[in-house]
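Observations on chain architecture
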Amino acid sequence: MQLNGVVITLVAVTELPDKFWKAQRKMNLWLQPIACACAVLLCFDFAAGQSDSDIREMVNQINQLREAGKYRDAVPIAEQVLKYCEKNYGPDHPETADSLSDLASLYGHMGERAKAVTLYERTLKIREKALGRDHPHTAIIVNNLAETYREMGDFSKAEPLYKRAIKIFEAKVGKTHPNTLSCLNNLALLYEDKGDMAKAEPLYTRVLKAREEKIGPDSPAVANSLTNLAALYYRQGKLAQAEPMYERALKIYQKAISPENPHTANIQNNLGALYLQQGELAKAESLFKQSLQTREKILGPNHPATGESLNNLAWVYMDGGDYAKAEPLYQQSLKITEQTDGPEHPSTATCLNNLGVLYQMMGDYKKAEPFYQRALKIREKAFGPDNSSLVSSIGGLSDLYRLQKYYAKAEPLAQRALQVSEKTYGPAHEMTATAYNDLAAIYFGMAKYDKAEPLFQKALKLFEEKLGPNHYKAGAALDNLGALYREKGEYKKAESYGLRAVEVTEKARGPDHPETATCLNDLAKTYEAMGDKAKADPLRQRATDIRNKNKAKSASPQPTPSPSPT
């Protein structure tokens, strides 16, 4: 029975949202640039009073480089300004605090968050002493420290800091002030990262409405809110609601900022993810390549966002069956993420999980298993045992054991994945449909057809409702049901589902995709069981031709990304 590729795809594709759209938005934070602006202006005024034209020019350079997304180039200049302030005004002077904050923000954008935390904590002590615990400038640093902890995956430290900053802003500058809205937006990001969509959505909606009313519909801040709300809908499987929001945000950034800017690259990346989810690989590849090119140019080859673009481009190739192109991109993405975020960060877990998916799809199960296990261990440590982020790791490991017929290991994992998905995503989410499908596949392998059938039917219904009847995931679910009815001896049902599976999968994936070959082969088995060799033989031959073609393609030499400089 050829369920392997089908089930793997249903598990694997859900990992992409789990990581790439979420992380790409981490640079769309408007409060951190506000904090930097405050630091620059204060230092500028002081320096101007001393008639120090060199410092004035250096501060201007930092501003220009930050606006261009050239954070690494700005760091040595910011370090010089900090040394100037420490030498001339002392280590605990407000001007020194502003320079510390400026440098911390640059390190944060570069992904060097441990350095950023140290600088922000020092800044916060100075601000609290000089201005008081409830001053708006103190709240800016509180927010920025919270944001850095959120990016590090330390949610327990981030949440109370966000709430403290919001309370200060609402009391001192008002509920619709840009800083208040930015901090609310960041708290929504935290809830989304934790999988608490019910808390995140009303915050995003409130911020979007206030920004549109206060600064107009074409502001980059509005584009930021559109992006975050679209990403939330994407995670919930509401692609029709997400797509126009992404498109509107992209137009705003291209017009208001530039076509080659980190913010523009973020939207291109997220829109590419949406097209990938819809099975439109050509559109997804084009947008991912544009995003990667911009990030490499502006942020550098070793930036976390560059690693994420490599990961997402690898997904396109893996989804298209070109594993030889996908593997080096995934490996390079993992290398970058481990270097920037650390070996125990959730982002590293995502890269590990994706490599597990790839090796599973390549049939190298022994190689896939430790990647899944390490990813799951990191996520359990970071998020606890019942977080939505665990679903893809648990489901992937379960399916890996199913493929090896280790059903005693596979079944409890699949049941746990379904339980967590129903609890965190809800019973009608696409992720839950995948969990239904995976558990059904295990029961199928155990010949427990009466348990498998209703779960396969639930999965098919949800995929058709959420993604449409012609989506490749619907095609995979149809093929699973065709195989099930064949094993039960219900050949007319098996033929009906098998024919629909071939039609949908060929249309969605293309005539030469491995999943098309799987559907053709399964339909051939049905005709063989019916004794109709004349119909079975050409289907089986076509499936063999597709697999030989893909095998030859995967075995051919492929370009490998240049290694990152040390």
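What you see is a predicted model, and the numbers here were worked out from it, not measured in a lab.

For the chain, the mean per-residue pLDDT works out to 84, and 88% of the residues sit at or above 70. Throughout residues 1–51 the model reports pLDDT below 50, and contacts reaching past four residues in sequence, or to other chains, amount to 186 contacts. Low pLDDT, under 50, characterises residues 554–566; the stretch is placed with 19 contacts to residues that sit more than four places away or in other chains.

Per the stated rule, a full pass over the model turns up 33 salt bridges. Residue Glu112 pairs with Lys115 through a salt bridge whose shortest N-O separation is 3.1 Å. Judged by relative accessible area, which is 23%, Glu112 ranks as partly exposed. Residue classification places Lys115 among the partly exposed residues on the basis of a relative accessible area of 43%.

Inspection of the secondary structure assignment puts Thr96 in helix H6 (residues 94–110). Thr96 gets classed as buried once you look at its relative accessible area, which sits at 0%. Residues in contact with Thr96, not counting those within four places in the same chain, are Leu82, Cys85, Glu86, Gly90, Pro91 and Arg122.

Further remarks concern the environment of Asn269. Structurally, the position occupied by Asn269 is in helix H14 (residues 262–277). Residue class for Asn269 comes out buried when judged on its relative accessible area of 0%. As for Asn269 and Ser309, which are separated by 40 residues in sequence, their C-alpha atoms are 7.2 Å apart.

This structure, assessed with the given rule, holds seven aromatic pairs. Residues Tyr84 and Tyr89 carry aromatic rings whose centres are separated by 5.9 Å and whose planes lie at 80° to one another, so their mutual orientation is edge-to-face.

Quick look at the packing of helix H12 (residues 220–235) against helix H13 (residues 239–256) now. The geometry of H12 relative to H13 is characterised by a closest axis approach of 8 Å and an angle of 155° between their N-to-C directions. With respect to H13, the element H12 is oriented roughly antiparallel. Seen from above, H12 lies across H13 with left-handed handedness. On the side of H12, the interface is formed by Pro220, Val222, Ala223, Asn224, Leu226, Thr227, Leu229, Ala230, Ala231, Tyr233 and Tyr234, while H13 contributes Leu239, Gln241, Ala242, Met245, Tyr246, Arg248, Ala249, Ile252, Tyr253 and Ala256.

Reading the values: rules and limits
Residues numbered from 1 in each chain as written. Predicted model: local features only at pLDDT ≥ 70, side-chain atom pairs only at ≥ 80, totals over all residues. Heavy atoms only, no water. pLDDT = per-residue confidence, 0-100. Contact = heavy atoms within 4.5 Å. Salt bridge = Lys/Arg side-chain N within 4 Å of Asp/Glu carboxyl O. Buried < 20%, exposed > 50% of the residue type's maximum accessible area, 1.4 Å probe, protein only. Helix = DSSP H or I, 4+ residues; strand = E, 2+ residues; numbered from the N terminus. Phe/Tyr/Trp six-rings, centres within 6.5 Å; stacked < 30°, edge-to-face > 60°. Axes fitted to C-alpha atoms, helices over the stretch in contact; angles between N-to-C directions. Parallel < 35°, antiparallel > 145°, perpendicular 65-115°, else oblique. Left-handed = near helix turned anticlockwise from the far one by under 90°.

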